[in-house]
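The primary structure of each chain is shown beneath.
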Amino acid sequence: MIVDAPTLASEPFGRTPDGTPVERWTLDAGGALTVRVLTYGAIVQELLAPDRNGEPADVVLGFPTIEDYVERNVPCFGAVVGRYANRIANAAFTLDGIRHDLPANDGPHCLHGGRRGFSARVWHRGAAYRRPDGVSLVLRHASLDGEEGFPGAVVAEVTYTLLRDDSLRIDFRAATDRPTVVNLSSHVYWQLAGEGAGSVEDHVLRVAASQYLPVDRQMIPSGEAAPVDGTPFDFRIPTRVGARLRDPHEQLAAAHGYDHHFVLDRAGLGSLVRAGSLDDPRSGRRLELETTEPGVQVYTANHLDGSLAGKSGRLYRQGDGIALETQHCPDSPNRPELPSTALRPGEVYASTTVYRLSVVEETTR
């Protein structure tokens, strides 16, 4: 069998309004997948994967131009979100007795690092190299002390590794010069039938979580984790995304769908565990998820309203994608009972998530 050699290549992808050039990197490990990553927002802009007939399709939502990403940053399509992924209540937190005020960009709360978080910054290439089993691209962002209100100068690094076994590994690392909080996540929206193919309600989701975090009407955790038993949040057995999406459950009403943190069943942090899977019966594509993080935010693109056109030229509507954001819990800096997201000088923030794509044969029901 002839195996293609891994390749890495870059090309210009335009400039930001201040003239900063943006590159697009193509990663090809010699397997079935091709991934394209922008230096703007460290965005996974395209991911080509074959269906059960061997036909490739782009399976992530996104835009065709840098202008679109800059002008329409709010969905954070494919981006690395930080310095703090998810919400911090009332746009403030206290660390070591010092209060830090943040931009309120989601009602009164701070979402995904503020008005200009990591998703709206040009990351710089640290390294790009071939390896025996694939290719890796390292991108870095130096976040200044006080950027978006967060204390401490933080150097963040993301490594995208595309492996020949058709998995995309995402490694985050960060260090700081004074106490701060860090919670990084990849905000890829998946549509395994192909970008622009419509709703993901027929996708089949499994999440290895016996508990989730209920939220109030402003999407802030309202208390302790609750059991998924007997609720629309029980995905421990593979279930259609849309099977209970319209159930009269107060949590679905609050979020206009799923936008909730699932607490993974795991013995402890630090090791990769199987977090779940996503299947598209139509195409046969399967996505399997592993992570070192304590939870997964499941988001069914509830705020897409048909005003944005994606790479295919088709309009994106509510439910046309699903994000599986591995991360620490929302509002952890204000919740001492939740796993800490504090990072101090001399410590290293480290997080790994693996997305593995494959094809399953059609089964007779």
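Report on the accompanying structure. None of the values given here were measured: they were computed from a predicted structure.

**Quick word on the overall build of the chain**
From N to C terminus, the chain includes two helices and 30 strands. Here the C-alpha radius of gyration of the chain, 19 Å, is about what a compact globule of 365 residues would show, namely 21 Å. With the principal axes as the frame, the chain shows a C-alpha extent of 60 × 50 × 40 Å. Of all 365 residues assigned to the chain, the portion counted as buried reaches 59%. Pairs at least 24 apart in sequence give 65% of the contacts found in the chain among residues at least 6 apart. Summing over all exposed atoms, the chain offers an accessible surface of approximately 14,900 Å²; the carbon and sulfur share of this is 49%. Across the chain, the centroid of the 37 positively charged side chains sits 1 Å from that of the 48 negatively charged ones.

**Observations regarding the pairing of strand β28 (residues 322-327)**
In terms of burial, β28 is largely enclosed, as six of its six residues are buried. Burial along β28 is two-sided: I322, L324 and T326 facing one way and A323, E325 and Q327 facing the other are all buried. Sheet topology note: the strand β25 (residues 295-299)/β28 ladder contains five bridges and is antiparallel. Residue pairing in the sheet places V298 in a bridge with L324 of β28.

**Topic: the pattern of salt bridges**
Across all of its chains, the model carries 22 salt bridges by this definition. For R99, the salt bridge goes to D101, with nearest N and O atoms at 2.8 Å. Taking the relative accessible area as the measure of exposure, D101 reaches 47% and is therefore partly exposed. In the salt-bridge network here, residues are joined through shared partners; they are D68, E71 and R72.

**Describing the sheet that holds strand β5 (residues 56-58)**
Ordered by their spatial adjacency, five strands build an open sheet running β1-β2-β3-β4-β5, and the pairing between neighbours is antiparallel. The sheet is open, and its two borders are formed by β1 (7-15) and β5, each paired with just one other strand. Between one strand axis and the next, the sheet turns through 15 degrees on average, direction left out of account. Looking at chain direction, β1 and strand β2 (residues 21-28) are connected through seven bridges and run antiparallel. When the bridges of β2 are listed, R15 appears paired with P21.

**Re the packing of aromatic side chains**
Each aromatic ring pair is described using two quantities: the centre-to-centre distance and the angle formed by the ring planes. Within the structure shown, the criterion is met by 13 aromatic pairs. When the ring of Y212 is compared with that of F233, the centres are 4.2 Å apart and the planes differ by 10 degrees; the resulting orientation is stacked. Separated by 21 residues along the polypeptide, Y212 in strand β19 (residues 209-213) and F233 in the loop between β20 (226-227) and β21 (239-240) bring together distant segments of the chain. Judged by its relative accessible area of 4%, Y212 is buried. Looking at F233, the relative accessible area reads 0%, which means it is buried. Ring geometry for F233 versus F262: centroids 6.2 Å apart, planes at 45 degrees, classification tilted. Pair noted here: F233 is in the loop between β20 and β21 and F262 is in strand β22 (residues 259-264), with a separation of 29 residues, a long-range link. Residue classification places F262 among the buried positions, given a relative accessible area of 1%. The rings of F63, Y69, F77, Y189, Y299 and Y316 are connected pair by pair, giving a single aromatic cluster. Lying over the aromatic face of F235, R244 brings its terminal NZ or CZ to 5.1 Å of the ring centre.

**Brief notes about the pairing of β22**
Among the six residues that make up β22, five are buried, leaving the element largely enclosed by the rest of the structure. Bridge count between β19 and β22: four bridges; the pairing is antiparallel. Bridge pairing links L213 to H261 in β22. Relative to β25, β22 runs antiparallel, the two sharing five bridges. Within β25, the position partnered with V263 by the bridge is G295.

**Observations concerning the side chain of E157**
Mapped onto the secondary structure, E157 falls in strand β13 (residues 154-163). Take E157: its relative accessible area is 18%, and that puts it in the buried class. Ignoring anything within four residues of it in the chain, the contact list for E157 reads W123, V138, L139, R140, D171, F172 and R173.

What counts and what doesn't
Residues numbered from 1 in each chain as written. Predicted model: local features only at pLDDT ≥ 70, side-chain atom pairs only at ≥ 80, totals over all residues. Heavy atoms only, no water. Helix = DSSP H or I, 4+ residues; strand = E, 2+ residues; numbered from the N terminus. Rg over C-alpha atoms; globule rule 2.2 N^0.38 Å. Buried < 20%, exposed > 50% of the residue type's maximum accessible area, 1.4 Å probe, protein only. Contact = heavy atoms within 4.5 Å. Areas by Shrake-Rupley, 256 points an atom, 1.4 Å probe, with all protein chains shown as cover. Lys, Arg positive; Asp, Glu negative; His and termini not counted. Charge placed at Lys NZ, Arg CZ, Asp CG, Glu CD. Pairing = 2+ DSSP bridges. Salt bridge = Lys/Arg side-chain N within 4 Å of Asp/Glu carboxyl O. Axes fitted to C-alpha atoms, helices over the stretch in contact; angles between N-to-C directions. Phe/Tyr/Trp six-rings, centres within 6.5 Å; stacked < 30°, edge-to-face > 60°. Lys NZ or Arg CZ within 6 Å of the ring centre and 35° of its normal.

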